[in-house]
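# Examination of the molecular architecture
This is what each chain is made of:
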Amino acid sequence: DTGVSQDPRHKITKRGQNVTFRCDPISEHNRLYWYRQTLGQGPEFLTYFQNEAQLEKSRLLSDRFSAERPKGSFSTLEIQRTEQGDSAMYLCASSSEQGATLYEQYFGPGTRLTVT
Amino acid sequence: GQNIDQPTEMTATEGAIVQINCTYQTSGFNGLFWYQQHAGEAPTFLSYNVLDGLEEKGRFSSFLSRSKGYSYLLLKELQMKDSASYLCAVRSGYALNFGKGTSLLVTP
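First things first, this report covers the structure right here in the doc. (Residues numbered from 1 in each chain as written. Chains lettered and ligands numbered in written order. Predicted model: local features only at pLDDT ≥ 70, side-chain atom pairs only at ≥ 80, totals over all residues. Heavy atoms only, no water.)

## Section: the packing of aromatic side chains
Note on aromatic pairs: each is described by the distance of the centres and the angle between the planes. To keep things clear, this is the line we draw: Note on aromatic pairs: the rings of Phe, Tyr and Trp (six-membered ring only in Trp) are paired at centre separations within 6.5 Å, and the planes decide the class, stacked below 30 degrees, edge-to-face beyond 60, tilted for the rest. Only when the NZ of Lys or the CZ of Arg is both within 6 Å of the ring centre and within 35 degrees of the ring normal is a charge said to sit over the ring.
Inspection of every chain in the model, using the stated rule, returns 18 aromatic pairs over all chains. In textbook terms, an aromatic cluster arises when at least three aromatic residues are bridged by ring pairs, as seen for Tyr35, Phe45 and Phe107 of chain A together with Phe33, Tyr35, Phe45, Tyr48 and Phe98 of chain B. The ring of Phe74 of chain A carries the charged tip of Arg22 of chain A above its face, separated from the ring centre by 3.9 Å.

## Things to note about the interface of chain B and chain A
This is how it is decided: For this analysis, residues touch if any pair of their heavy atoms sits within 4.5 Å. Here the quantity called buried area is the total loss of accessible area, with a 1.4 Å probe, experienced by two parts when brought into contact, counted for both. The rule for a salt bridge is simple: a side-chain nitrogen of Lys or Arg has to be within 4 Å of a carboxyl oxygen of Asp or Glu. Side-chain atoms alone can form a polar contact between residues adjacent in sequence; in general such a contact is a pair of N or O atoms within 3.5 Å, and within protein one must be able to donate a hydrogen while the other accepts it. Strands here mean DSSP runs of E at least two residues long; helices mean DSSP runs of H or I at least four residues long; both are numbered from the N terminus. Only Asp, Glu, Lys and Arg are considered charged in this grouping, and only Ala, Val, Leu, Ile, Met, Phe, Trp, Tyr, Cys and Pro are considered nonpolar; every other residue, Gly among them, is considered polar.
Contacts between chain B and chain A engage 16 residues on the former and 20 residues on the latter. Counting the surface lost from both chain B and chain A, the interface buries some 1600 Å², and carbon and sulfur atoms represent 57% of this. In this assembly, chain B and chain A are joined by 0 salt bridges. Across the chain B-chain A interface, the total number found is 5 residue pairs in polar contact (both at pLDDT 80 or more). The dominant element in the side of chain B that touches chain A, judged by the number of residues it contributes, is strand E10 (residues 95-98) of chain B, at 4 residues. The residue makeup of the side of chain B that touches chain A, split by class, is 11 nonpolar, 3 polar and 2 charged.

## Some remarks on the sheet that holds strand E8 (residues 70-75) of chain B
Residues and elements named next belong to chain B. The test is simple: Pairing between strands is defined by DSSP: at least two bridges between the two strands are required. What counts as an axis is a line fitted to C-alpha atoms, over the stretch in contact for a helix, and the angles between N-to-C directions run from 0 to 180 degrees.
Here 5 strands make up an open sheet; going across it, the order is E1-E3-E8-E7-E6 and the pairing antiparallel. Looking at strand neighbours, the two that pair on one side only are strand E1 (2-5) and strand E6 (53-57), the edges of this open sheet. Here the strands of the sheet are splayed against their neighbours by 15 degrees on average, with no regard to which way each runs. Of the strand pairs in this sheet, E1 and strand E3 (residues 18-26) are connected by 4 bridges, and their pairing is antiparallel. By the bridge assignment for E3, Asn3 is matched with Gln25.

## Observations regarding the pairing of strand E3 (residues 19-24) of chain A
Residue and element names in this part refer to chain A. Condition: Relative accessible area decides the class of each residue, using a 1.4 Å probe on protein chains only: under 20% of the type maximum gives buried, over 50% gives exposed, and in between gives partly exposed.
Covered by surrounding structure in E3 are Val19, Phe21 and Cys23 only, the residues Thr20, Arg22 and Asp24 on the alternate face being uncovered. Pairing geometry for strand E1 (residues 5-7) and E3, over 3 bridges, is antiparallel. Each bridged residue has a counterpart across the sheet, and for Asp7 the counterpart in E3 is Arg22.

## Thoughts on the sheet that holds E3 of chain A
Residues and elements named next belong to chain A. Strand order in the open sheet made by the 4 strands is E1-E3-E8-E7, with antiparallel pairing throughout. Here the strands that pair on one side only, and so sit at the sheet edges, are E1 and strand E7 (65-68). On average, each strand axis in the sheet is inclined to that of its neighbour by 15 degrees, with strand direction left out of account.

## Digging into the state of the cysteines
Linking two cysteines covalently through their sulfur atoms gives a disulfide. All names here are of chain B. Applied cut-off: Criterion for a disulfide: a pair of cysteine sulfur atoms at a distance within 2.5 Å.
Tallied over the entire structure, the rule returns 2 disulfides over all chains. There is a disulfide in this structure between Cys22 and Cys88, and the S-S distance comes to 2.0 Å. Judged by the sign of its S-S torsion, about -70 degrees, the bond between Cys22 and Cys88 is left-handed. Placement of Cys22 in strand E3 and of Cys88 in strand E9 (residues 84-92) is noted, with a sequence separation of 66 residues between them.

## Notes on unusual backbone geometry
Residue Pro8 of chain A follows Asp7 of chain A across a cis peptide bond; omega there is -5 degrees. Examined against the element boundaries, Pro8 of chain A turns out to sit in the loop between E1 and strand E2 (10-13). Although it is not a glycine, Arg81 of chain A sits at a positive phi angle of roughly 50 degrees. You can see Arg81 of chain A is positioned in the loop between strand E8 (75-79) and strand E9 (88-95). Judged by its relative accessible area of 45%, Arg81 of chain A is partly exposed. The residue Glu77 of chain B is not glycine, and still its phi comes out positive at about 45 degrees. As for its placement among the helices and strands, Glu77 of chain B is situated in the loop between E8 and E9. Taking relative accessible area as the criterion, Glu77 of chain B reaches 54% and is therefore assigned exposed.

Encoded structure:
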């Protein structure tokens, strides 16, 4: 396993459509995070999973945003009824709960969403 | 609330030393991270401080003063490939709360 992977890398959609992004974390990592990054800004935390449990979701941007991690492995982030303001890079990160890299979050390459 | 400040842009010369400062006011603190991000790429981990003092890792060092809410990242022997955005992040609970990043340009 070489790192966190995300699919697709780019997504162009029309306003009002639903989109779903997938994240595959590093295989031994049980913690998974979603962030959003807009141009000129740092990543903004959205939600966090420990195994299959979503332990923090209050910072999801609106009720149009939802995330799942059904078997504690890969995760999906869905945005319903997309708006132009949703255009951003969506980053996934994972971390281990033990070892020397306990607190280090490893980021995937991101999915760039463009809403037209 | 979370308030993390760092300079927007810096320029330095190849071979020189540059210090990027970060000040923070956050509702919780579980450690401070520095990440490097090249344009269009994912952030990559550089350093982590949870106790006061200096952590050194090769050409990169990071300092933390919790009482002052202050950190800096020191880059030595700058190389052209160090041109990137440097992100300061405070871990609070589960989340990393990032500053806006400092765009560093290394010139010949």
